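Spelled out, the chains give:
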Amino acid sequence: MKKIKLSLSIVCLLVAIDSYSQDTPTTIKPNKLNTTIGLGVGLDYGGIGANILYYPVDQIGLFAGVGYAFAGAGYNVGAKFRLNAKKDSPKISPYLMGMYGYNAAIAVKNASNFNKLFYGPTFGFGVDFKPKDKGRNGYWSLALLVPIRGSDVDQYIEYLENNNNIEFQNGLLPIGFSIGYRIKIDWF
């Protein structure tokens, strides 16, 4: 079932990118926003942490995030595809993203030896909100994320419940959220 979900997620992402590419120009625009660094909360920030994002071209950005994920240090690497990169400095910029890294954290209160991070792909979409003041270098970024988790996460939770008498009051959410503030870095 997990492989079917992963396959469907990849197909949906590719269809969305392909349908958008029908409207994009054939030439790649020079990049105006080259690198940003962000502080935030979410899988793309490694939990509670930082993220660096580099745009080799206007439409596609590559990122890496690292942070604290309640069960240890989390990381994620991935790509961000801006949907309206054709426009000059849009105030609201929607995007699609895909990444690989931590996508589930099991943290056991008063028994940190059972804490464990799980890794896999995550897909999502979001919106960047840029300020009206053109002199500001920062902007807010929000995203809704769908982690593709393997059966090993459920098996580990079941193992802890059956063999160690650990009770989980909260289950894992099927979706995640991300919020962060990003600042443009001028290298030269």
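Coordinates for the structure precede this section.
Reading the values: rules and limits
- Every chain is numbered independently, its residues counted from 1 as its sequence is written.
- Side-chain atom pairs in this predicted model are given and counted only at pLDDT of 80 or more, local residue features only at pLDDT of at least 70, and totals for whole chains, interfaces and linings cover all residues.
- As a rule here, side-chain values cover all heavy atoms of the structure and leave hydrogens and water aside.
- Grouping into patches uses exposed residues only, defined as over 30% relative accessible area, and leaves out salt-bridged ones; the cut-off is 9 Å for like charges and 5 Å for nonpolar side chains (Val, Leu, Ile, Met, Phe, Trp, Tyr).
- Under the convention used here, a 1.4 Å probe and the Shrake-Rupley method define accessible areas, while residue burial counts only the protein chains that appear.
- Salt bridges are defined by distance alone: a side-chain nitrogen of Lys or Arg within 4 Å of a carboxyl oxygen of Asp or Glu.
- Note on charges: Lys and Arg go in the positive column, Asp and Glu in the negative column, and His and the chain ends are not counted at all.
- Throughout, a charge is located at the NZ atom of Lys, the CZ atom of Arg, the CG atom of Asp or the CD atom of Glu.
- Each helix corresponds to a stretch of at least 4 residues labelled H or I by DSSP, and each strand to a stretch of at least 2 residues labelled E; elements are numbered beginning at the N terminus.
- Buried Ala, Val, Leu, Ile, Met, Phe, Trp, Tyr and Cys residues form a nonpolar core when they are joined through side-chain atoms within 4.5 Å.
- Three exposure classes are used, based on accessible area relative to the maximum for each residue type with a 1.4 Å probe and protein chains only: buried under 20%, partly exposed in between, and exposed over 50%.
- Here, residues are in contact when the closest pair of their heavy atoms is within 4.5 Å.
- Expected span, for any helix, means 1.5 Å times one less than how many residues it has.
- This arc is taken over the directions from the axis of the helix to the C-beta atoms.

> An account of a negative patch on the surface is needed here, citing residue identities and associated values.
Together, D152, D154, E158, E161 and E167 line one region of the surface with negative charge. One can find E158 in helix α2 (residues 151–164).

> Outline the nonpolar core, supporting the account with residue identities and numerical values.
One finds M97, M99 and L145 to be the most contacted residues of the largest nonpolar core, which totals 14 residues. The dominant element in this core, judged by the number of residues it contributes, is strand β5 (residues 92–106), at 4 residues. Non-local contacts of L145, meaning those with residues more than four positions away in its chain, are made with L43, D44, M97, M99, T122, F123, G124, I175, G176 and S178. Residues I106, V108, V153 and Y156 belong to the second largest nonpolar core, which totals 10 residues.

> Please set out α2 residue by residue, giving values where relevant.
Over its 14 residues, α2 runs 19 Å from end to end, which matches the ideal 20 Å to within 8%, given 1.5 Å per residue. Buried within α2 we find V153, Y156, I157 and L160. End-on view of α2: buried residues confined to an arc of 95 degrees, all on one side of the axis. Among the exposed residues of α2, those oriented more than 90 degrees off its buried face are Q155, N162 and N163. Where α2 is buried, its residues touch β5 and β6 (116–129). Note on α2: the residue one or two positions beyond its end, N165, has a positive phi of about 55 degrees.

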